[in-house]
Amino acid sequence: PSSLPCRIDVNLVTGLACEGTGSFASAVITFTATRSAELVSIQAKVGDESYDFTNARFGVGIDGPIVVTGRSQTMVVIEMMVHNGVGAEIAIHNIQNPMTPGQSTW
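To keep things clear, this report deals only with the structure shown in the data block. This is a predicted model, so every value here is computed, not measured.

Thoughts on the overall build of the protein chain
Assigned secondary structure in the protein chain consists of 0 helices and 11 strands. When its helices and strands are written in sequence order, the protein chain yields β-β-β-β-β-β-β-β-β-β-β. Counting the 106 residues in the protein chain, one finds 32% classified as buried. Taking as baseline every contact in the protein chain between residues at least 6 positions apart, the subset at least 24 positions apart corresponds to 66%.

In structure tokens form, the structure reads like this:
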């Protein structure tokens, strides 16, 4: 569930998941790294339309605050140590859902 308003034009936090197209949402991404790295790139889309990561914010990681090293409208790069075959989790907030309804790919 989002801790921020789902839409910028409605200043209300319901505590429920933001599911509407164009709304702002939070997500917890759980994955297993396929190689060791110090940077993680995050992007998502529905069909051919990308999520908007312009104002994305992150929760605190295992080693403290997550540092953003790169950002565009369609992706964000963070500092995060991951190891091949080891599970990891990232909490990301204030990402804008695409205007296209459907299933997302991350």
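Following the structure, the description resumes.
What to know about unusual backbone geometry
One non-glycine residue, Asn 94, lies in the positive phi region at around 65°. By secondary structure assignment, the location of Asn 94 is in strand 10 (residues 87–96).

What to know about the packing of aromatic side chains
Counted under the stated rule, the structure contains 2 aromatic pairs. Both rings, one in Phe 53 and one in Trp 106, keep their centres 6.3 Å apart while their planes meet at 85°; by these two values the pair is edge-to-face. Taken together, the residues span a long stretch of sequence, with Phe 53 in the loop between strand 4 (49–50) and strand 5 (57–58) and Trp 106 in the segment after strand 11 (104–105) at a distance of 53 residues. Phe 53 gets classed as buried once you look at its relative accessible area, which sits at 0%.

A closer look at the sheet that holds strand 8 (residues 68–71)
By definition, the strands of a sheet pair up through backbone hydrogen bonds, in either a parallel or an antiparallel sense. Taken together, the 3 strands give an open sheet; going across it, the order is 2-9-8, and neighbouring strands pair in antiparallel fashion. Either end of the sheet is taken by a strand with one partner, and the two such strands are strand 2 (37–42) and strand 8. For this sheet, the mean inter-axis angle between neighbouring strands, taken without regard to orientation, is 35°.

Description of the sheet that holds strand 5
With respect to topology, 3 strands assemble into an open sheet ordered 1-10-5, the strand pairing being antiparallel. Bordering the open sheet on either side are strand 1 (24–32) and strand 5, each of which pairs with just one other strand. Sheet topology places strand 5 next to strand 10; 2 bridges connect them, and they run antiparallel. Looking at the pairing, Phe 58 lines up with Ile 92 of strand 10.

Calculation notes
Residues numbered from 1 in each chain as written. Predicted model: local features only at pLDDT ≥ 70, side-chain atom pairs only at ≥ 80, totals over all residues. Heavy atoms only, no water. Helix = DSSP H or I, 4+ residues; strand = E, 2+ residues; numbered from the N terminus. Buried < 20%, exposed > 50% of the residue type's maximum accessible area, 1.4 Å probe, protein only. Contact = heavy atoms within 4.5 Å. Phe/Tyr/Trp six-rings, centres within 6.5 Å; stacked < 30°, edge-to-face > 60°. Pairing = 2+ DSSP bridges. Axes fitted to C-alpha atoms, helices over the stretch in contact; angles between N-to-C directions.

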